[in-house]
Each structure stands twice: as C-alpha cells, then as structure tokens.
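Each chain, written out:
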Amino acid sequence: MNVERLVAMVNDIAAFFASEPDADAAAEQVAYHLQKFWEPRMRSEIQRCLEQGGVGLSPLARRGVERL
Amino acid sequence: MYSIDHKDLGTPAPASTGTVTLDIDGSTVTVPAGTSVMRAVALAGGHIPKLCATDSLKAFGSCRVCLVEIEGRKGFPASCTTEVAAGMKVRTQSPRIQKLRRGVVELYVSDHPLDCDTCPANGHCELQDAAAELGVEGSRYANGGASQRGVKQDASNPYFVFNPDLCIVCSRCVRACDETQGTLALTIEGRGFSSRVSASQHQPFLESECVSCGACVEACPTAALTEKLPLMLGAPTKAVSTTCGYCGVGCSLKAEVKEETVVRMVPNRAGTANKGHACVKGRFAFGYATHADRVRRPMIRKRITDPWREVSWEEAISYTASEFKRIQQKYGPNSVGGITSSRCTNEETFLVQKLVRAALGTNNVDTCARVCHSATGYGLKHTLGESAGTQAFTSVMKADVVMLIGANPTDGHPVFASQLKRRLRQGATLIVIDPRVIDLVRTPHIEAAAHLQLRPGTNVAVINALAHVVVTEGLANDAYAEERCEGDTYRKWKAFVSDARNSPEAMEAISGVPAALVRKAARMYAAGPNSAIYYGLGVTEHSQGTTMVMGIANIAMATGNLGREGVGVSPLRGQNNVQGACDMGSFPHEFSGYRHVSDAATRSLFEGAWNATLASEPGLRIPNMFEAALDGSFRALYIQGEDFVHSDPNTNHVVAALSAMECVVVQDLFLIETARYAHVFLPGSSFLEKDGTFTNAERRISRVRKVMEPLAGLADWEVTMQLAQALGYPMHYSHPSEIMDEIARLTPTFHGVTYEKLERLGSIQWPCNDAAPDGTPTMHVGAFVRGKGKFYLTEYIATSERSTSRFPLLLTTGRVLYQYNVGTQTRRTANLAWQEEDRLDIHPDDAEDRGIADGDWVGVTSRTGDMVMRAVVSRRMTPGVVYTTFHFPESGVNLVTTENSDWATNCPEYKVTAVEVVRVGQPEAWQARIRAERGAQRSPALPTACSHRDEC
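Here the structure is a predicted model, which means the values were calculated and not measured. (Residues numbered from 1 in each chain as written. Chains lettered and ligands numbered in written order. Predicted model: local features only at pLDDT ≥ 70, side-chain atom pairs only at ≥ 80, totals over all residues. Heavy atoms only, no water.)

Draft legend 1. Here's a closer look at helix α4 (residues 59–66) of chain A. Residues and elements named next belong to chain A. Along α4, the positions that sit buried rather than exposed are L60, A61, G64 and V65. Looking down the long axis of α4, one finds its buried residues gathered within 135 degrees of arc, a one-sided arrangement. Residues of α4 that are buried in the fold lie against α1 (3–17), α2 (23–37) and α3 (40–51). (Buried < 20%, exposed > 50% of the residue type's maximum accessible area, 1.4 Å probe, protein only. Helix = DSSP H or I, 4+ residues; strand = E, 2+ residues; numbered from the N terminus. Arc of directions from axis to C-beta. Contact = heavy atoms within 4.5 Å.)

Dropping the structure here:
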C-alpha cells in the first residue's frame, strides 16, 4: 500500500474529528473509524508507519493510530 | 398514441377523498368527488367519444365531441370539463347528442386526410375511432385535409416525425409539453385553418427547445406526431411493464414488443415514481440493447496483450474459477475481490456480494456507488440512522421551499425535474446552490429566488453559513431538535455554527457567495413551513462530501424539516439501482441492510443461511483495491457492470493497477474501456433480458421484467451462479424471486418484500416489514431510525486541490440530458444527434484571456494529465471555473481528475480539479500524444477508441 496515500487519508479523517473539543474522544473516533472502515492490511501499514516515526501524520491522526 | 394496453379515462383522477353518487344513463354510479363526467362514465364502463381529452392532461374543453345532456342544465355541457355532482343525472347518448357530435367530427374530418388505410395510425387513431363510432365517412364541407396539405413534414428528430397534415390542432401536444414535461417548447401559431403546432419559434424539432421527452408524441390522438421505430418495425402486439435502466428516478415503463423486438417504450401511467412520464433516454434510447457492438460470446486470454479468444460459457467460467483459486492459494484469500453493479438488479448485486463473501471468503466487495453516493450512505446513516433519502418523489408537491444543492435535475433526473417544475410553477420557492447557472435558475415561468453560485469545493462553508444564520437569528426549531435529537450534540452544534468564523460574512471570502444572499436563503429555508433539500453529486464528490451530507442533515434537523411530507433530505441518485446496490450489501464493511460485518449476531445470521464462515473485518474499497494491486497483494477482480478505466479518477493510476493484476474479469454488454485490461470477458445482459428488481432514489423497489431472451444466453444472475458453482459453492435459484425471498429473510428492511406483493402493489418503498407491510414513503416519522438524531460538527476544511499560478482554473464535471454517465448505452443510440462529444464550458472572461473562441479546440492540463476538447464559451460559469462532461472515453476526462477523495468514504473529488486551459491549434497532435501516453498500457488486440462508432 502507498503509505503516503494512507497518511493523507488518516490525516483527512483526523481533520474531521478535530472539531471534537475532547481530545481523547477525538482520537477514539479516529481509531474507531479506521477499525470500522479500513481493511486490515491498511491498518497494519499505517501502524508500521507509526512505528517507524509516523512521518507526515498529524498529531490527532497519530493519536488515533496509536489506539489501534 | 398511448400504450396499447392503456384504457384512457379522459381526464386525470381528482385528489379528493370523498365520493359522489350520480346517475349515468339510468345506472347509479359512485365516484371520487371532483371526477369529471367523462371519467365517471369511463369508470362505470361506458364511453364518450373525445379528441382533446386524455387522462394525463387537465381537461381542455376544446373539441366539443364529448358533449352530454345533464338534467336541469341548459345546453350540452362538455363532459371533460364538467365535474360530477350528487344526484346529477347524465345522459351520454341521444339523437341530439349524436347529431351534434357527428357534426363536430365532420368538421374535423373536413380538414384531415381521409386516406386512413395508408396512415401509420390506422387502427390506433382517435379521430378514426370517433368517426367510425359516429358514422362519419366523409365531410360535406371540404376535401379532406385541404388546408394542411403540402405543409412540410418535420423528421429532424431522430425518434419521431411531425406530419402537420395529420394534425387536428387539439393542443394535446402543447399541453403535454406544458403540463407533463414543463418545457413549454410547443405552441399553436396562427389562427383558424392556419393554426399549426410549432416548436419554439417555428424551428425544426431537433433545433428547438424541445427536449424530446416524447410526451407530445404519446398525447397525439392521430399520427401527426408518430414514433419512427414502429413505422419501420410494425405495430407492437404486447406490452410488458418494467423499470427504466437509466437514472435513479426509476420510471415505470411499458416495453411494447412485436415478438421479441422492442418497438416502443411507453411510460406507465400507473407508475408511482414517474406518473406516466419519461425522458428522452428512458422512452427512446433503448436501441443499445440490440446494438451490433453487443458481445455475445465469452472470451478469455492469458495476458492482456494477447488477442481475445472466443470460448464456451463452460470454458470461460471454468477458467475464471481456476484462476481465482490459483491466485488465492498463492497470495491468500484476500488477494481477490468483486464489484457489484448499480446497473444490475438487486438480486444480481446480492449474488455477487454473496459470492465474494461466501464463495471467495473475503469482504473485498465494493460497488460503483463508491464514486458517487457513498458519502450519502455514511452521512445519513450517522446523523439520521438510515443510508437513504427520506421522502417519496411526490413529497415535493407539498414543499414550500426547495433547496437544490449540487444537482441539475433537468439533465440528470429529468422526470423528477418535471414534477419539481410543476411545484415551482405553483409558487414554491427555489434556492439553488451550484457553481453553474443550471437551467432551473431561470427557465420558463420559473426563477430561483436565490442562486448561491459558490466556488467549487466550498459547499461546507456555505452550509455552515446557512446554519449560522438559522441559529443566530433564532430561526431554529429548538423544540423539535431538543425532542427528536440528542440534545448535547444539538447544543454543541449550535455553539459551533454560531461562531463568527462560520458567519456568511466570514465565509464570503471562501465561497464567493455574497453574505446577504446567504442570509436571504437561510431565512427562506427556515421559514418554510415545508422546506425540502434535494442534492446530487455536487455534494458528495468532494473531499468533504460526507461532511456536507452531515451538514445538510444538521440544518434539516435544526429546522424541523424531517419526518413528514413536503420536507426532508433527498439525494438524487445517479444510476437506476445505485440505492439498491448499496442496500444489498455491496460495500466491503456491511451486509445487506447496512449492518456491519463485525456485528457477530448479523454475521452469524448470514453464516447460518449461507453455510459459510464469513470474515469479520472490512474489505478493500475500490481505490484501496487499486493501491493493493500496485503493491502486489491484490491480484484478481470480478467486475460486473462497471467501467473503472472510463469512470474512475486518475485513469493512468487505474490502468496501472488493473495491469498489475493476474486475472481481471469483466462482465458487461460491450467491450468497455476496462475490458482492455481484462483476461476474461463475460457477456452481460441488459435490463430487457432478465427478471429482477431495481430500487430507485426514493427507496422504491420496482419489478424489472424480461421482454427478450439474453443475447448471450444467460442473465447476469445466472452467470454469477455458474461462477459460484465452479468455485465450489453451489447456489440454487431457479428464478430471481427466490433470491429476493432470501434477501427478505436476511434483511430487516426487506422482510415484507415478495414478488407477489410487488405484483399486487406495483412497487414498494422500503422499509417494508411487519411494522410497515406496504412500505414506507416517508422516513423518520415520529422518531429517527437511529432513535435520536445526531448532530455532527462540520468544520470547513479547504481541499488540497487548489488553483495556482500553474493551474489557475477549477474544473468541475457533470452530465447532460442526452448522454448517460460513461455513455456506454447512450453513445450507442441516436441521442448522438444532440451531443456527440464532451465539451468544455468556459466563461467569456477566461476565454478572452486565453484567446479562446466558441468551438475552438482547447487543451486542459492538470497535475495528473491532459485532455483536449472543444470549448463552449458560456456565462453559465463564473470566471475561474470550467466545466465538462465525461460521457465519451476519447475525451479522457479522468486523465485529468485527481485521486483526492472524501475523508470518510474515498468518494473521489471529481468536482474540483485545478487546471490550465490553452487554445490548441493542432488538436490531432495533442490527441496523438495523449493516446501515446495511454497506448503504452493498452491491449493491441483492441481498437484505440472503444466508442459509439462502428469501429468498436
């Protein structure tokens, strides 16, 4: 999978949930969305990206991926 | 001429609920109040001759053939314009009436040719019938047809011909254009014997404002307006009710056939979605079904660079199954997938997703709704609780305010547009939110009260600004929202939209819409009292498509505009069965009825019924499949009725992904663009060749009925069954009704649906179950499906696709009336007479800056690719925005669009692409370069442009 594309996608997801004032709740919603709509190899790839430093991930996207 | 099995009652049914009892020729008759005497007589089994009356049009009272006697009334009232009254005594036959009728018909005959034997309407002419009934064999007044003789026939329209010498000037055609279609293209010019039907300003039909809906042809009582095809093929002998295979309106049609050949397609007057109307596509453009380009034999090839080899069905199915098994064994169960089609029936899409989940053991199934209304499914499910529109089409007739967002119904959903226009002409207020000046902004007798001509990509900015006005000016329906919705999310949303950053004044710089206009529109919408939102792909095909759908639901909930007729949120679905394909579990994360695959109880239900272990994780979506193909983990795809290479964004990316796969199976009517990259081609069957059901944009399930045998021998559902069998997962259905029975058993919203009930009721709007045995026209009555409605915060986030100095213009895309989506069907019909190429609309200022004149060839370049087409200099656009359609593969529009997509659903952002446009002196050089770039990935075994022309 194209990691750059996945990073852009998860950042877009996080940008939507960033309006949520409760930061923990926002991160939870990002993680929930990924679990419900991302195929496992996509989740694995984004987790691997995070393990390697998570270059390009927004702060909220990073927190969301951490919860997977 | 109306349908051959239609019994015309003369005037429309009244809207009343009470009844009236009267006496007709000595018999007591009870009919609905408001019924005309003519209709009452017909309902009682009687008959009154008529010429200017038909039950699709309001009574006109012009021909004076339908005169009757009514006790206590002077003279001879026209039965079409006279309403029944309690105790009324009507006499339909008497020597005096007969004499009067005979005299009138004799006058008509005096100006009409008498060569009935050679007339195309012989046997179906209402004047001929009336004359025969009244014993009129000639005229004492003139030689038949004297004043009309020699007037030139107009055969300019590819589908019908106008013979003025056969016209009796009854005005039925003019009234049909007015009342049924709402275009007002026809008129009667001249007076007395010089009276003539005229299209626009005495123009040929093809060049006039006529949109070729055919309502006038159907309304004509003689052969003045006649379809061409029956003249060539002969009169039909049988009518079969079915459902149109084009847009999401889902018009009920009668296919009139002679043996197995469709001669005419006539809208069904009992059809609930279309009420006896159709458009140029549904009524006339069915010739593709028997076009010479249809592929009738399966084909296979080892590599996409090899020539195709025709094989038997057995060999094609066996090869496909063996390849899928081989690939799964080598790369794992999730290395394969399937695509269902919104053009196929519910039963067929259900079978494909069942095959993928149960036979292949993966959830890698998706559907073309991914690239159109997937954002609708997500947005409405999360806010209201159901992934579907809330209303029936007829609801619009009770709307006081209509807000139309990112939709162009007169082109995309013409039959709904006619109904909408009727309501607007009755006085409803129209708000248009669209970057283009669509026809409805200003059209005869209709003018939008507000046109918010926003910049592409700023929908969310505008909906937030509208909501800001609603909330800060105290226009919200707090009582409704607090009772019906989650109070905490409502209050959070109110605080969010009230923030100054969401005010119309703050958003004006982003959207380009004057703040005062936004405030005006918000006040109109909030005032209602019945305000309805209709929207299209101009909402969903954005990086914030889902956010916008949620924003629409938010404002509807906040103003109390949900849960009754006249209001609601209605997505105008693009394809005939895109709603159904979604309902049937075509998305990779959910089973039929929108239940997530991770839900153990639901999965257990399906596992029990299907005798298979099902995956609990979501599968790949279409764009994810492409990415996985490029990384080597996705190797085989079964595609039923979808042309990725033409329809999906960033064509080169799509082509690279398909080229990387080891087995691509295309099941389609024609050798579509995607077939260039396929290893197996399975011939598909058109909607005329099978039984099944479609579900339209208002959740209406309607029957599709077979009128001819599948040209390749198998209907699509039978092909899927054979493939399942070859994969070791036999399916046992002898008829699609048995598939529907299984759908009903497994899907709560379909529990009450059966073919028997569809026969009885005509159609059913889901949910249809014990709580709503006859279906549900209006959703969320009393409570939302999810319980309490949920507000979401919809922050405006600009798309990353922005105009720059290199790409200073924004390209947005859409479609035209005469072509349909990727044009696979309509390009193979005479609709080419209206449009035979895609063109680029550009504002005069932008055109002048670039030295572009109307009709010039222009090159369009984005960061992903180039295309070349002719320019149309048009003030429909604002400066900085250009527009084109995507009907013709040779245009290569999706070479230019990008892979940007909606955050929630990956619905592509077709509506915003930064481009530059230049005048091109040598388009051939551009075309050659683009072809060369694409050609490197093409199969040499096929022509370079699979188009409508004969070379395909």
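Draft legend 2. Quick peek at the sheet that holds strand β11 (residues 261–267) of chain B. All names here are of chain B. In spatial order, the strands read β9-β10-β11; together these three strands make up an open sheet with antiparallel pairing. Every other strand in the sheet has two partners, leaving β9 (238–243) and β11 as the edge strands with one partner each. Between one strand axis and the next, the sheet turns by 30 degrees as a mean value, whatever way the strands run. As defined by bridge partners, strand β10 (residues 252–258) adjoins β11 across six bridges and the pair is classed as antiparallel. Note on β11: the bridge partner recorded for K258 is T261. (Pairing = 2+ DSSP bridges. Axes fitted to C-alpha atoms, helices over the stretch in contact; angles between N-to-C directions.)

Draft legend 3. Up close: the pairing of strand β33 (residues 857–861) of chain B. All names here are of chain B. Here β33 pairs with strand β34 (residues 866–873) via five bridges, running antiparallel. Following the sheet pairing, V860 is matched in β34 by M867. In textbook terms, the turn of a hairpin is the stretch between consecutive antiparallel strands, and for β33 and β34 this stretch comprises four residues. In terms of strand pairing, β33 meets strand β36 (residues 913–919) through four bridges, oriented antiparallel. Across the sheet, residue V858 finds its bridge partner in β36, namely R919.

Draft legend 4. Region of interest: the interface of chain B and chain A. Contacts between chain B and chain A engage 31 residues on the former and 22 residues on the latter. Across the interface of chain B and chain A, roughly 2,200 Å² is buried in total on both sides, 56% from carbon and sulfur atoms. For the pair chain B and chain A, the interface holds two salt bridges. Salt-bridge contacts for E20 of chain A lead to K492 of chain B; the nearest nitrogen and oxygen are separated by 3.2 Å. Sort the elements by how many residues they give to the side of chain B that touches chain A and helix α22 (residues 622–630) of chain B lands first, with three residues. Split by residue class, the side of chain B that touches chain A holds 11 nonpolar, 13 polar and seven charged. (Buried area = accessible area lost by both parts, 1.4 Å probe. Salt bridge = Lys/Arg side-chain N within 4 Å of Asp/Glu carboxyl O. Nonpolar A, V, L, I, M, F, W, Y, C, P; charged D, E, K, R; others polar.)

Draft legend 5. Structural context of the packing of aromatic side chains. All names here are of chain B. For the structure on display, the rule yields 25 aromatic pairs over all chains. With centroids separated by 5.9 Å and ring planes inclined at 75 degrees, the aromatic side chains of F350 and W610 adopt a geometry described as edge-to-face. Of the two residues, F350 is situated in helix α9 (residues 346–359) and W610 in helix α21 (residues 600–610); the sequence distance between them amounts to 260 residues. The same class applies to F350 and to W610, which are both buried. Through a chain of ring-to-ring contacts, three or more aromatic side chains come together here, namely Y159, F160, F162, F205, F284, Y818 and W834. Geometry around Y883 places R436 over its ring, the cationic atom sitting 3.7 Å from the centre. Positioned above the aromatic ring of F784 is the side chain of R484, whose terminal nitrogen or guanidinium carbon lies 4.5 Å from the ring centre. (Phe/Tyr/Trp six-rings, centres within 6.5 Å; stacked < 30°, edge-to-face > 60°. Lys NZ or Arg CZ within 6 Å of the ring centre and 35° of its normal.)

Draft legend 6. Here's a closer look at the nonpolar core. By size, the foremost hydrophobic cluster in this structure holds 148 residues, and its most contacted members are V10 and W38 of chain A together with V105, L225, L430 and F644 of chain B. Considering each element in turn, this core owes the most residues, eight residues, to α1 of chain A. Here V10 of chain A is in contact with V30, L34, W38, I46, L57, A61 and V65 of chain A, once residues within four sequence places are set aside. A316, I317, Y729 and V753 of chain B belong to the second-largest nonpolar core, a separate cluster that totals 63 residues. (Core = buried A, V, L, I, M, F, W, Y, C linked by side-chain atoms within 4.5 Å.)

Draft legend 7. Layout of helix α25 (residues 716–726) of chain B. Listed as buried for α25 of chain B are D716, W717, V719, T720, M721, L723 and A724 of chain B. Just past α25 of chain B, the residue G728 of chain B takes up positive phi, approximately 90 degrees.

Draft legend 8. Summary view of unusual backbone geometry. All names here are of chain B. A cis amide bond links G528 with the next residue in sequence, P529, at an omega value of 5 degrees. By the secondary structure assignment, P529 is in the loop between α17 (515–527) and β21 (531–535). The peptide bond linking W766 to P767 adopts the cis configuration, its omega dihedral lying at 0 degrees. Here P767 lies in the loop between β30 (763–765) and β31 (809–814). The phi angle at H202 is positive, at roughly 55 degrees, despite the residue not being glycine. If you trace the backbone, H202 turns up in the loop between β7 (196–199) and α5 (215–219).

Draft legend 9. Expanded view of the packing of helix α16 (residues 504–511) of chain B against α17 of chain B. All names here are of chain B. Here α16 crosses α17 at 115 degrees, and the two axes come no closer than 8 Å. Considering only the axes of α16 and α17, their crossing is right-handed. The residues of α17 that touch α16, namely those facing P504, E505 and E508, are A515, V518 and R519. In terms of residue class, the contact of α16 with α17 is made up of three nonpolar, no polar and three charged. (Left-handed = near helix turned anticlockwise from the far one by under 90°.)

Draft legend 10. Just the pairing of strand β16 (residues 401–405) of chain B, in detail. Residues and elements named next belong to chain B. Most of β16 is tucked away, with five of its five residues classed as buried. Burial of β16 is two-sided: the residues V401, M403 and I405 facing one way and the residues V402 and L404 facing the other way are all buried. Sheet analysis places β16 next to strand β17 (residues 429–433), joined by five bridges and oriented parallel. Residue L404 lies in a different strand from β17, and its bridge partner there is V432.

Draft legend 11. The sheet that holds strand β3 (residues 69–70) of chain B, seen in detail. Residues and elements named next belong to chain B. Taken in spatial order, the four strands make up an open sheet running β2-β1-β4-β3, and their pairing is mixed. If you trace the sheet from one side to the other, it starts and ends with β2 (27–32) and β3, each paired once. The pairing of β3 with strand β4 (residues 89–91) spans two bridges and is classified as antiparallel. The residue bridging I70 from the neighbouring strand is V90, located in β4.

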